[in-house]
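Residue-level listing of the chains:
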Amino acid sequence: MTLAATELEFRTVIGLEVHAQVLTQSKMFCSCSAEYASAPPNTHVCQVCMGLPGALPVINRSAIESVIRTGLALGCTIPPYCKLDRKNYFYPDLPKGYQVSQYDLPLCVDGQLTFTSEGVEKTAGITRVHIEEDTGRLLHRDEGGASVSLVDLNRSGVPLMEIVGEPDLTSPVEARDYLIALRQILRYIGASTGNMEEGAFRCDANISTRTADGSIVGEKVEIKNMNSFRAVERALIYEEERQRKLLAAGESIPQETRGWVDARGVTVSQRTKESAHDYRYFPEPDLPPLTIEASFVDSVQAALPELPAARKARFIESFGLGASDAELLTLERETADYFEVAVGSTTDRARQISNWLLNDVFGLQRERGLPFDAFPIEAQQLNQIVELVEAGDLTGSGAKSLLAGIEPGENARAVAERLNLLAVGDSDVIRAAALETLTANPAAVADYKGGKKAAIGRLMGDTIRATGGRGRPDTVRAILEELLSE
Amino acid sequence: MALTLADVDHVATLARLGLTDAERERMRDQLSVILDHIGELAELDTDSIPPTASVTNMTNVWRDDTVQPSFTTDQVFQNAPRVAEGCFVVRTPLGGEGDEA
């Protein structure tokens, strides 16, 4: 029986597994530096992360704390007892022949992630968060027809957490938005850089398709090799469509692992390593179990920063910001912190500070090629500049010049004076500029006198320009209106 | 407990070992004896003993997150059969093009 795809109503079920590198100085089980991206190969390795016989691992307490912090940020329960297990498989990037991970007693269980997708708030369950170690990296080379691999163990033993989500997501867009929200939280709490390009935040997706009435249910397919949010969304859109077509054609979907090929925009079936799932987990005898005291959990909970969703809501509530501005200001914790320092006690100035920050300070930041957490001016200086604008002592264009010219530690008013940027309220100076403008723009004058009052906008612009951008707009308007009414 | 030759083949595959027919027979016998020996533990009455994943009675053996010096290049590669571009050189495993997470 073949049915056109349009005749069936399909449902998509997606669950995501995220591997995020835990931000630490040293590795999970030894004191080698965890920095692997910039170091020459095999320079951050020792007997433990090379897997030499007899070497004993010791747990990095900070990594455990970061995973618990992540679990708490995701509303998880932290069981009082957990252990580490060996996951056994052979591959040249895994020198010990096993990966230390957690099997049946993870650090964190039963949480949820609330996120916004296409304007609607959604909640997806978090099954568990556990700690494990990363593998080394392989570089493949062709040696006169023979394929060899170069092994770099700098990444071997770098702490990794696996965040397993419930299959609660119903579309590729939701999957993308879930990931964006998860990454944002990890960055907020300092648990991971979340850098996808560097591989510090990786995602595998399980996706299955069924008909709305449950009469046809496809097997679960795992998708790997998605290296950006966009890739996750594209891969899932492709896979959703592929599965629907198969089911609509009366075919079945085999349970398999498929890899996303970004350049071609397709998923392809991956040959699974034989018996890859026979990992023979057993308790890691070299590592004593962990007892997580309630007091320890409480102290981590108490130190948890305000999370992005809560902060956004507070910005809207306390500062009267629009939802999209509050969203932009809270995307990164550093931006939100900067904004709050800039606002300080002058809450009534918050909206203006938000506008100047989002438009001009960010614009200058981009222009100068600064990273997102490096600001071209100090937060207090932004407040001072907005104060000068609100007092009418600085025009918009004067403020822009001041932003570009102020140096760290300087007072905004002092710099404005030195650079001769303070607004001119002197009516004689403005009157002279206004007369000059009116003489040069007879058409606009005629328009205005003929009833097109909007023509004054152009005249104001020209007059302010004639004052070197410093004429106070309110004074300029008053003088122009006076001259035009004569 | 008598293992089958299929059990032996499965374990050999996981261990990446190629066994001759004679070795398969020998391993079946030896592994069966080992399992029987371990199986004697099942005769003990452990009802009153709580399950444990560790016998050291230690918990929370951990360290502060500080970096110590790593091996020197000489130390790293002193047992390496082949080195190139600062890396160990191995034959690429069959079907292996990407990293396993």
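Residues numbered from 1 in each chain as written. Chains lettered and ligands numbered in written order. Predicted model: local features only at pLDDT ≥ 70, side-chain atom pairs only at ≥ 80, totals over all residues. Heavy atoms only, no water.

Draft legend 1. The arrangement of the overall build of chain B in detail. The number of helices and strands found in chain B is three helices and three strands. What you see in chain B, going N to C, is helices and strands ordered as α-α-β-α-β-β. Structurally, chain B occupies a C-alpha span of about 55 × 45 × 25 Å along its principal axes. With 101 residues in all, chain B has 19% of them scored as buried. For chain B, the accessible surface area stands at approximately 7,600 Å², while carbon and sulfur atoms represent 57% of it. Looking at charge distribution, chain B has the averaged site of its 7 positive side-chain charges lying 10 Å from that of its 18 negative ones. (Helix = DSSP H or I, 4+ residues; strand = E, 2+ residues; numbered from the N terminus. Buried < 20%, exposed > 50% of the residue type's maximum accessible area, 1.4 Å probe, protein only. Areas by Shrake-Rupley, 256 points an atom, 1.4 Å probe, with all protein chains shown as cover. Lys, Arg positive; Asp, Glu negative; His and termini not counted. Charge placed at Lys NZ, Arg CZ, Asp CG, Glu CD.)

Draft legend 2. Examining the packing of aromatic side chains more closely. Residue and element names in this part refer to chain A. For the coordinates displayed, the defined rule picks out 12 aromatic pairs over all chains. Ring centres 6.3 Å apart and planes at 65° place the aromatic pair F201 and F229 in the edge-to-face group. Here the residue F201 occupies a position in strand 11 (residues 201-211), and F229 occupies one in helix 3 (residues 229-248), the gap between them amounting to 28 residues. Accessibility assignment for this pair places F201 and F229 in one class, buried. (Phe/Tyr/Trp six-rings, centres within 6.5 Å; stacked < 30°, edge-to-face > 60°.)

Draft legend 3. Here's a closer look at the pairing of strand 7 (residues 120-133) of chain A. Residues and elements named next belong to chain A. Judged from the nine bridges that link them, strand 6 (residues 108-117) and strand 7 form a sheet pairing that is antiparallel. Among the inter-strand pairings, C108 is bridged to a residue of strand 7, identified as V129. Counting the residues in the hairpin turn of strand 6 and strand 7 gives two residues, including E118, whose phi is positive at 50°. Where strand 7 and strand 10 (residues 159-165) come together, seven bridges link them in antiparallel fashion. (Pairing = 2+ DSSP bridges.)

Draft legend 4. Here's a closer look at the interface of chain B and chain A. In this complex, chain B contributes 40 residues to the contact, which on the side of chain A involves 62 residues. In total, chain B and chain A occlude about 4,500 Å² of area from one another, counting both sides; carbon and sulfur atoms represent 54% of this. Remark: the boundary between chain B and chain A carries two salt bridges. In this structure, E143 of chain A engages R82 of chain B in a salt bridge whose closest nitrogen and oxygen atoms are separated by 2.7 Å. Here chain B and chain A share 22 residue pairs in polar contact (both at pLDDT 80 or more) between them. Put simply, the parts of the chain that give the side of chain B that touches chain A at least two residues each are helix 1 (5-14), strand 1 (62-63), helix 3 (73-77) and strand 3 (87-91) of chain B. (Contact = heavy atoms within 4.5 Å. Buried area = accessible area lost by both parts, 1.4 Å probe. Salt bridge = Lys/Arg side-chain N within 4 Å of Asp/Glu carboxyl O. Polar contact = N/O pair within 3.5 Å; in protein donor to acceptor, adjacent residues only side chain to side chain.)

Draft legend 5. Region of interest: the packing of helix 6 (residues 323-330) of chain A against helix 8 (residues 350-367) of chain A. Residue and element names in this part refer to chain A. Remark: helix 6 packs on helix 8, axes separated minimally by 11 Å, with the N-to-C direction vectors making an angle of 60°. In terms of orientation, helix 6 lies oblique with respect to helix 8. The two elements helix 6 and helix 8 meet at a crossing, and its hand is left-handed. For the pair helix 6 and helix 8, contact is made by D325, L328 and L329 and by S354, N355, L357 and L358, respectively. (Axes fitted to C-alpha atoms, helices over the stretch in contact; angles between N-to-C directions. Parallel < 35°, antiparallel > 145°, perpendicular 65-115°, else oblique. Left-handed = near helix turned anticlockwise from the far one by under 90°.)

Draft legend 6. Structural view of the sheet that holds strand 4 (residues 85-88) of chain A. Residues and elements named next belong to chain A. Pairing in this open sheet of three strands is antiparallel, and the strands run 5-4-15 from one edge to the other. The open sheet has two free edges, formed respectively by strand 5 (98-101) and strand 15 (282-283), since each of these has just one partner strand. Where strand 4 meets strand 5, four bridges bridge the pair, whose relative direction is antiparallel. Each residue of the ladder has a partner; that of K87, found in strand 5, is Q99.

Draft legend 7. Broad picture of a nonpolar patch on the surface. The grouping of I34, I38, L41 and L44 of chain B at the surface amounts to a nonpolar patch, some 420 Å² of accessible area in total. On the secondary structure map, L44 of chain B appears in the loop between helix 2 (21-39) and strand 1. (Patch = residues over 30% accessible without salt bridge, like charges linked within 9 Å, V, L, I, M, F, W, Y side chains within 5 Å.)

Draft legend 8. The confidence of the model for chain B, seen in detail. Residues and elements named next belong to chain B. Here chain B shows a mean pLDDT of 88. Residues at 70 or above account for 91%. Across residues 97-101, where pLDDT falls below 50, the model places 17 contacts with residues more than four positions away in sequence or in other chains. Overall fold confidence (pTM) sits at 0.86, and the ipTM for the predicted complex is 0.87. (pLDDT = per-residue confidence, 0-100.)

Draft legend 9. Region of interest: helix 12 (residues 427-440) of chain A. The end-to-end C-alpha distance of helix 12 of chain A, which contains 14 residues, comes to 20 Å, matching closely the 20 Å that a straight helix rising 1.5 Å per residue would cover. Where helix 12 of chain A is buried, its residues touch helix 13 (442-449), helix 14 (456-466) and helix 15 (473-484) of chain A. (Expected span 1.5 Å × (residues − 1).)

Draft legend 10. Examining the sheet that holds strand 14 (residues 266-269) of chain A more closely. Residues and elements named next belong to chain A. A sheet is described by the order of its strands in space; here eight strands give the open sequence 6-7-10-1-11-12-13-14, paired in mixed fashion. Each edge of the open sheet carries a strand with a single partner, namely strand 6 and strand 14. Strand-to-strand twist of the sheet, defined as the mean angle between neighbouring strand axes without regard to direction, takes the value 30°. As judged from the four bridges shared by strand 13 (residues 256-261) and strand 14, these two strands associate in the antiparallel manner. By the bridge assignment, R258 is partnered in strand 14 with S269. With respect to the sheet, helix 3 is in contact with strand 1 (10-21), strand 11, strand 12 (221-226), strand 13 and strand 14, its orientation differing from that of strand 11 by roughly 25°.

Draft legend 11. Highlighting the pairing of strand 11 of chain A. Residue and element names in this part refer to chain A. Among the 11 residues in strand 11, 10 count as buried, and that is most of the element. The pairing of strand 1 with strand 11 spans 11 bridges and is antiparallel. When the sheet's bridge partners are listed, G15 is paired in strand 11 with N206. By the bridge criterion, four bridges tie strand 11 to strand 12 in an arrangement that is antiparallel.

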